Amino acid sequence: METGELPVEVITHILNFLPVPDRKEASLVNRSWYFAAQDSLRQESIFYNIPASSASLGTIKSLSRRRVCSIQLTNLDSSSTSREVIKYVAGYLGPQLRHLCLRGSNITEACFEELLLACPCLTTLDLSSCNSLFMPGTLLSKQETFLRAQKALGKLQDLNLSSVRYLSDLTFNRLARCAPRLAKLSLARCHVTFEFDAYHGSRDYNSSALLSFRNLLHFLAERAGRVRSLDLSGTSISSQAVKSLVQVENLRLHEVVLQGCRDLSDEAVGVLCQHQPCLATLDLSGCSELTDRAILALCSRLPDLRCLMLGKLPRVTDAGFQGVSHLRHLQSLNMSECSFVSSSELVKALGTIEGRPQLVSLNVAFCALLRDSSVIALARALSRSLRVLDLSSCTSITNQSIQAISTHLLNLNVLRLAWCKELTDWGLLGVEQPKEARDHSKEKDAGPKFSRNFGNMGFFLPPPQDLEREAPILADLTKQEGPQKYPASLNTLTRLRELDLTACGKLTDTSIAKVISFPELRRLSLSLVPNITDTSLTAVARHCRSLEHLSLSHCVNLTDRGFAEAAGTLPRLQHLVLAGCNQLTPQTLKAIGRECRQLKCLDVSMCSGISMADVELFQSRLPLQTSIHSRFVGGADLSVTL
């Protein structure tokens, strides 16, 4: 039986095993595969971005035939075009929509109500930063509209009101009463009043001027049996307010996000853990007053925790992670920018967990105290489970770490090594660096170095690299056959989908052209790697044909010739960053425009060989709407403009 004769349901089942970009490609085979791919995408609630333009009207009709249930509307305002788009969405997509995002839109109240009433199946509604909608304070104020909205939002479970400056108790209560099944609420960065009590002696919580914590407590008390997730990030919530909130009777939260709440204390976290023991997700990133005491409390009292975000906690040390062994179900841990954490205690804790640790994602970016010994131990302990590892700006790690990662973490999907300046070709190739090469590297490192503040941005030149001396040694060692004598090379990570090598300034064509060969790779950053040339570019394009995001900013040795050859093998490329590549000319733009037909974003800022006229001509010929960043094109004098 040929594939064209297979039932659509069978093809849909097969496509479910493929990543989203591959399903999009498969949809081009024939009509049956097209509809099967659309069914497969719809099952995962893929969001379709619909801009407010007349060109979107035909798209909306097409999406209705695919029974799309998740959309995001952008650039909405009070114009007639926006009103027409909303009318089409309401008429063609409304009855089947389950997820609607209006983030940052300047939609009018009348248009919003028209759209809302046409969507009776909504389960998720994102109104974040929709300030114009809430500014008048009359949303759903008409009794007839309110009653109809109650029917339309009867299934709503997730409401995002973050960054709405004009949200008041009155408008919040109207929306809340329309959504009796609400389980997830976000009020991040809203102007909630915690100290001032506007209702002293009163129970009428309907102020049109402010959003009060007392009204929020009243809402949680009424919905305690249903609300499971609360986000108050970026608010001025006090420790006392947190204590009051978590002690609401019958409230059993599974997710709490308090990112950037700087007044939060260790004591408040202890009370939170005591009264909300069912938490599965907790985000305390940026709560700068917290210490090891808070971390120890949550490790001992939240046994079901699966996702823990502890980034930007300057007072936390390794001692706080001694209790991580109690978190047997932990799958995601973020401890980035904890400057006094070396992960030594984390390594010990993971070693004492019964069975295998289940950690899937680990972020230790900007932990300057992290050493090779800790990375090696983590790689061994998490060899079966880890899928995402972020070591960005861990400036002390060396080739030993990358070789341990390549040897043990064979299931990695995401690896970020930006600003790990000690990594060299030897590490990526999995070759043990000879003593003479190590001594020579020390001599070279005695001069000026890259730094995060003074990189190769055109102000300072990198130290000269004596590549001729090391290249023959590397070439000979990589050609050796027989039993594996050296550690694994980076290309053993065959499942990689994202790789970030930004500012790894010691890397050259010798390693990049040989090891960057990942068939599933979607994102790659080689920005600020000044020694790579067209050789690396063409090799990457040839071996990573699934690339969608490619960043090559300030790779000053790239030329038009390299892009003329590489562009033809990057058909899926959507985002390309070429800022500061001064040897490029309009010939590169022609090659990209001709071959990369799915391109959505291009950055040619600070490219001295490309003029503004070239950019405008390129944009006029694009088949799709593309954003082009072109600051300082044509060779601006940055010493003046900065």
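On to the overall build of the protein chain, then. Across its full length, the protein chain holds 25 helices and 22 strands. Carbon and sulfur atoms form 50% of the exposed surface of the protein chain, whose accessible area is close to 28800 Å².

Let us now look at unusual backbone geometry. The phi dihedral of Glu 337 is positive, around 60 degrees, even though this residue is not glycine. By secondary structure assignment, the location of Glu 337 is in the loop between strand E13 (332-334) and helix H14 (344-351). The exposure class assigned to Glu 337 is partly exposed, which follows from its relative accessible area of 35%.

As a further point, take the packing of aromatic side chains. According to the stated counting rule, one finds three aromatic pairs in the structure shown. Taking the centre distance of 5.4 Å and the plane angle of 35 degrees together, the rings of Tyr 88 and Tyr 92 count as tilted. Taken together, the residues Tyr 88 and Tyr 92, both in helix H5 (residues 80-93) and four residues apart, mark about one turn of the helix. A relative accessible area of 18% means that Tyr 88 is categorised as buried. On the basis of relative accessible area, Tyr 92 is assigned to the partly exposed category, the value being 37%. Their ring planes at 75 degrees and their centres at 5.3 Å tell us that Phe 172 and Phe 219 sit as a pair that is edge-to-face. With Phe 172 in helix H9 (residues 169-178) and Phe 219 in helix H10 (residues 213-222), this residue pair connects regions lying 47 residues apart in the sequence. On the accessibility criterion, Phe 172 (2% relative accessible area) is buried.

This part covers the environment of Leu 501. Checked against the element boundaries, Leu 501 lands in the loop between strand E17 (498-500) and helix H20 (509-515). Setting aside residues up to four positions removed in sequence, Leu 501 forms contacts with Leu 417, Leu 428, Leu 507, Ile 512, Ile 516, Ser 525, Leu 526, Ser 527 and Val 529.

We now examine empty space enclosed by the protein. Counting across every chain of the model gives six cavities of 30 Å³ or more. Its boundaries defined by the atoms lining it, the largest cavity holds a volume of some 70 Å³. Residue contributions to the lining of the largest cavity peak at three residues, all from helix H15 (residues 372-381). A class-by-class count of the residues in the lining of the largest cavity yields 12 nonpolar, no polar and no charged. Taken as a whole, the second largest cavity spans an internal volume of roughly 60 Å³. If you trace the second largest cavity, you find it lined by Leu 230, Leu 232, Ile 237, Val 242, Leu 245, Val 246, Leu 253, Val 256, Leu 258 and Leu 272. Along the lines of polarity and charge, the residues of the lining of the second largest cavity split into 10 nonpolar, no polar and no charged.

In this section: H10. Taken together, the buried positions of H10 are occupied by Phe 213, Asn 215, Leu 216, Phe 219 and Leu 220. In a view along the axis of H10, the buried residues occupy a sector of 155 degrees, so they form one face of it. Considering only its buried residues, H10 is in contact with H9, strand E6 (184-186), strand E7 (192-193), strand E8 (211-212), strand E9 (229-231) and helix H11 (239-246).

With that settled, the discussion passes to the confidence of the model for the protein chain. Looking at the protein chain as a whole, its pLDDT mean stands at 86, while 86% of the residues score no less than 70. Mean pLDDT across the elements of the protein chain bottoms out in helix H25 (residues 638-641) (37) and peaks in strand E11 (residues 281-283) (98). Every residue in residues 447-468 scores below 50 in pLDDT, and together they form 33 contacts with partners more than four places removed in sequence or on other chains. Here residues 637-642 scores under 50 on pLDDT; set against residues more than four positions off or in separate chains, the count is four contacts.

Summarising burial for strand E2 (residues 70-74): four of the five residues are buried, a large majority. Bridge analysis of strand E1 (residues 48-51) against E2 gives four bridges, and the strand direction is parallel. Across the sheet, Tyr 48 pairs through a bridge with Ile 71, a residue of E2. Bridging between E2 and strand E3 (residues 99-101) involves three bridges; their strand directions are parallel. Bridge assignment links Gln 72 to a residue of E3, and that residue is Cys 101. Following the backbone out of E2, through H5 and into the adjacent parallel E3, one traces a crossover that is right-handed.

So, how was this worked out
- Residues numbered from 1 in each chain as written.
- Predicted model: local features only at pLDDT ≥ 70, side-chain atom pairs only at ≥ 80, totals over all residues.
- Heavy atoms only, no water.
- Helix = DSSP H or I, 4+ residues; strand = E, 2+ residues; numbered from the N terminus.
- Areas by Shrake-Rupley, 256 points an atom, 1.4 Å probe, with all protein chains shown as cover.
- Buried < 20%, exposed > 50% of the residue type's maximum accessible area, 1.4 Å probe, protein only.
- Phe/Tyr/Trp six-rings, centres within 6.5 Å; stacked < 30°, edge-to-face > 60°.
- Contact = heavy atoms within 4.5 Å.
- 1 Å grid on protein atoms, 1.4 Å probe; cavity = no way out; pocket = protein on both sides within 12 Å on 5 of 7 lines; lining within 4 Å.
- Points joined across faces, edges and corners; volume = space filled by probe spheres on them.
- Nonpolar A, V, L, I, M, F, W, Y, C, P; charged D, E, K, R; others polar.
- Arc of directions from axis to C-beta.
- pLDDT = per-residue confidence, 0-100.
- Pairing = 2+ DSSP bridges.
- Right-handed = clockwise from strand over helix to strand, strands pointing away.

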